[in-house]
Amino acid sequence: MKKGQIFEIKIEDMTDEGAGIGKADGYPLFVKDAVPGDVIRAELIKDKKTYGYGRLLEVCEASPDRIVPKCPIARPCGGCQLQALSYEAQLVFKENKVKAALKRIGGVTFDKTEPVISMKDPWHYRNKAEYPVRKGKDGRILIGFYAGRTHSVIECENCLIGQEADAQVLGAVKRWMNEFGIEPYDEEAGTGTVRHVMIRTSFASGEQMVCLVVNTKKLPFANELSRLLPKTVTSFSYSVNLKKTNVIMGDRTVPVFGEAFLEDVICGVRYRISPRAFYQVNPAQTEKLYAKALEYAGLSGNETVWDLYCGIGTISLIMAKKAKKVYGVEIIPEAVKNARENAVLNDINNAEFFAGRAEDVLPEHFAKTGEKADVIVVDPPRKGCDGSLLHTIALMAPKRLVYVSCNPATLARDVSIMREFGYEVKKVQPVDMFPWTGHVESIALLERVSNRKADAKVHIDVDLEDYYRIKDAQGKDGK
Ligand code: SAH
């Protein structure tokens, strides 16, 4: 196999990132923009020993699931990967992905995943976007999204899965930059001022929070920009990020005008959200996800609940209304501050929050108090839970463990560990939080089915290496 070689292949499967997989004489080829069922012509652009990357040249026979992307920049933009796949087919792909991971990595032959909870209208669902700002070859300011795998910016100010009102904010930022000679960030040189524009919208009120990520200690002409921003913006701040890094937000947030938070309502609870705090990006689906979490928790009012990786306390506060006591643990201090404020805002006084790593806080608390738990909820980032945390969870012996996951592979790995501790998967519900992208959210209910001693030696280091080798071949992952 040589670079530049041209293949005609049938796409049989899809990677986690939504690229098509086909085989040329047994050699797997990953082709972006090709969908299962397509027969395509592809050029080999990167050859590895056991697999390669192809570029789609031509769709010779279109898959019955292929559609014309609604978005005009679907191909160059790295934001969505499945715009050429019908929504129904995406849901099937996502359900299968959860099942396959549970079987392959979790050792659970579990065919009873519920059908994916889908969206009726899967457009304009995101409440947040982080737009990179760069200079184009012609010197113009470009605001949009990164192209897939690279950091060149594809101009887009009216994303079909984002908020239409963002365009006014971006227009104002551009006008201000042009008027006051403010330079976009240059990643290679580390020069220029404006790196990103973060916009978050409250679906409850329509209000917007804007946070400009800048490469300077102080934002120049801040008041001038304040005057140009539309009236819907109720919170404007900037985040100082002087580092040469891919991490978007800096460590220091400086308020310019309005509140230091945005307020939104989910499942009847009011939440304040700081710029740096995590908040689910698809509010309509979040309501359904949290309702499922509450259902799986099966609370009667007498339980002690832990909500690990709690962010601004969303799940904690919804559960606090139905439980005796809820403890939340979160690593970002601003989010913990929000969680405490949110408890007060909603007159909830049976919730307590700890700042720190779940894998430190929970073992320390348990060692000190010996208190067990009735229900534990975890909602970790893509890398899943730490082995020592799972061990402590098992020692605390909750009847139910509700696992909210944005990565089926690590969910399945953690499930396999909890099975060693005497827990079994009872229900799994995928929820489509990210239509048109390859990302899959799911929620699993595990129940304690045996009194196996949690301190029995278990094999915690489930080998994900194989999985990630495949994954590497498929491209980088990210939330
Ligand atoms: N349950 C919340 C947040 C889920 S996202 C919600 O639905 O909104 C995962 C959260 O875990 C993020 O807020 C992140 O800051 C936090 N986090 C990441 N690593 C952590 C760790 N080791 N311990 C505790 N929290 C962590």
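It should be emphasised that the depicted structure is a prediction, and the values quoted were computed from it without experimental measurement. (Residues numbered from 1 in each chain as written. Predicted model: local features only at pLDDT ≥ 70, side-chain atom pairs only at ≥ 80, totals over all residues. Heavy atoms only, no water.)

**Here we look at the environment of Val 31**
Item 1. Mapped onto the elements, Val 31 comes out in strand E3 (residues 27–31).
Item 2. Considered as a pair, Val 31 and Arg 55 are 24 residues apart in the sequence and their alpha carbons are 5.8 Å apart.
Item 3. The contact partners of Val 31, leaving out residues within four places of it in the chain, are Ile 9, Ala 19, Gly 20, Ile 40, Ala 42, Gly 54, Arg 55 and Leu 56. (Helix = DSSP H or I, 4+ residues; strand = E, 2+ residues; numbered from the N terminus. Contact = heavy atoms within 4.5 Å.)

**Considerations on the site of the ligand**
Item 1. Around the ligand, 17 residues are found, and the nearest of them are Gln 280, Tyr 290, Glu 330, Ala 358 and Asp 379.
Item 2. The contact in question runs from an oxygen atom of the ligand to an N or O atom on the side chain of Thr 314, over 3.3 Å.
Item 3. Coverage of the ligand by the protein chains reaches 91% of its 570 Å² of free accessible surface.
Item 4. Those elements giving two or more residues to the shell around the ligand turn out to be helix H5 (314–320) and helix H7 (358–369).
Item 5. Across the shell around the ligand, the residue classes tally to nine nonpolar, four polar and four charged. (Near = heavy atom within 4 Å. Polar contact = N/O pair within 3.5 Å; in protein donor to acceptor, adjacent residues only side chain to side chain. Areas by Shrake-Rupley, 256 points an atom, 1.4 Å probe, with all protein chains shown as cover. Nonpolar A, V, L, I, M, F, W, Y, C, P; charged D, E, K, R; others polar.)

**Details of the domain arrangement of the protein**
Item 1. Annotation of the protein at the domain level lists domain 1 (6–66), domain 2 (102–118 + 282–474) and domain 3 (128–266).
Item 2. Using only C-alpha atoms to locate each centre, domain 2 and domain 3 end up separated by 33 Å.
Item 3. Here domain 2 packs against domain 3, burying approximately 630 Å² in sum over the two surfaces, 69% of which is carbon and sulfur.
Item 4. Across the contact surface, domain 2 and domain 3 share zero salt bridges.
Item 5. Inspection of the region where domain 2 meets domain 3 yields zero residue pairs in polar contact (both at pLDDT 80 or more).
Item 6. Ranked by residues supplied to the side of domain 2 that touches domain 3, first place goes to helix H4 (residues 283–297) with four residues.
Item 7. Partitioning the side of domain 2 that touches domain 3 into residue classes produces five nonpolar, two polar and one charged. (Domains from an automatic or database assignment. Buried area = accessible area lost by both parts, 1.4 Å probe. Salt bridge = Lys/Arg side-chain N within 4 Å of Asp/Glu carboxyl O.)

**A look at the sheet that holds strand E19 (residues 400–405)**
Item 1. The strand order across the open sheet formed by seven strands is E17-E16-E15-E18-E19-E21-E20, and the pairing between neighbours is mixed. Either end of the sheet is taken by a strand with one partner, and the two such strands are strand E17 (351–355) and strand E20 (423–431). Each adjacent strand pair in this sheet contributes to an overall mean axis angle of 15°, direction not counted.
Item 2. Note: E20 against strand E21 (residues 441–448), eight bridges, orientation antiparallel. (Pairing = 2+ DSSP bridges. Axes fitted to C-alpha atoms, helices over the stretch in contact; angles between N-to-C directions.)

**Observations concerning the confidence of the model for the protein**
Item 1. Within the protein, residue pLDDT values average 92, and 94% of them lie at 70 or more.
Item 2. Across residues 459–479, confidence stays below pLDDT 50; counting only partners more than four residues off in sequence or on other chains, it has 45 contacts. (pLDDT = per-residue confidence, 0-100.)

**Topic: the sheet that holds strand E6 (residues 128–135)**
Item 1. Taking strand neighbours across the sheet as the criterion, the seven strands line up as E8-E7-E6-E9-E10-E11-E12 in an open arrangement whose pairing is mixed. Two strands bound the open sheet, and with one partner strand each, they are strand E8 (153–155) and strand E12 (252–258). For this sheet the average axis-to-axis angle between neighbouring strands, irrespective of direction, equals 35°.
Item 2. The sheet contact formed by strand E11 (residues 233–240) and E12 spans six bridges and is antiparallel. Along E12, the bridge assignment pairs Ser 239 with Thr 253.
Item 3. Contacting E6, strand E7 (141–146), E8, strand E9 (194–201), strand E10 (208–214) and E11, helix H2 (residues 166–180) runs over the sheet at an angle of about 155° to E9.

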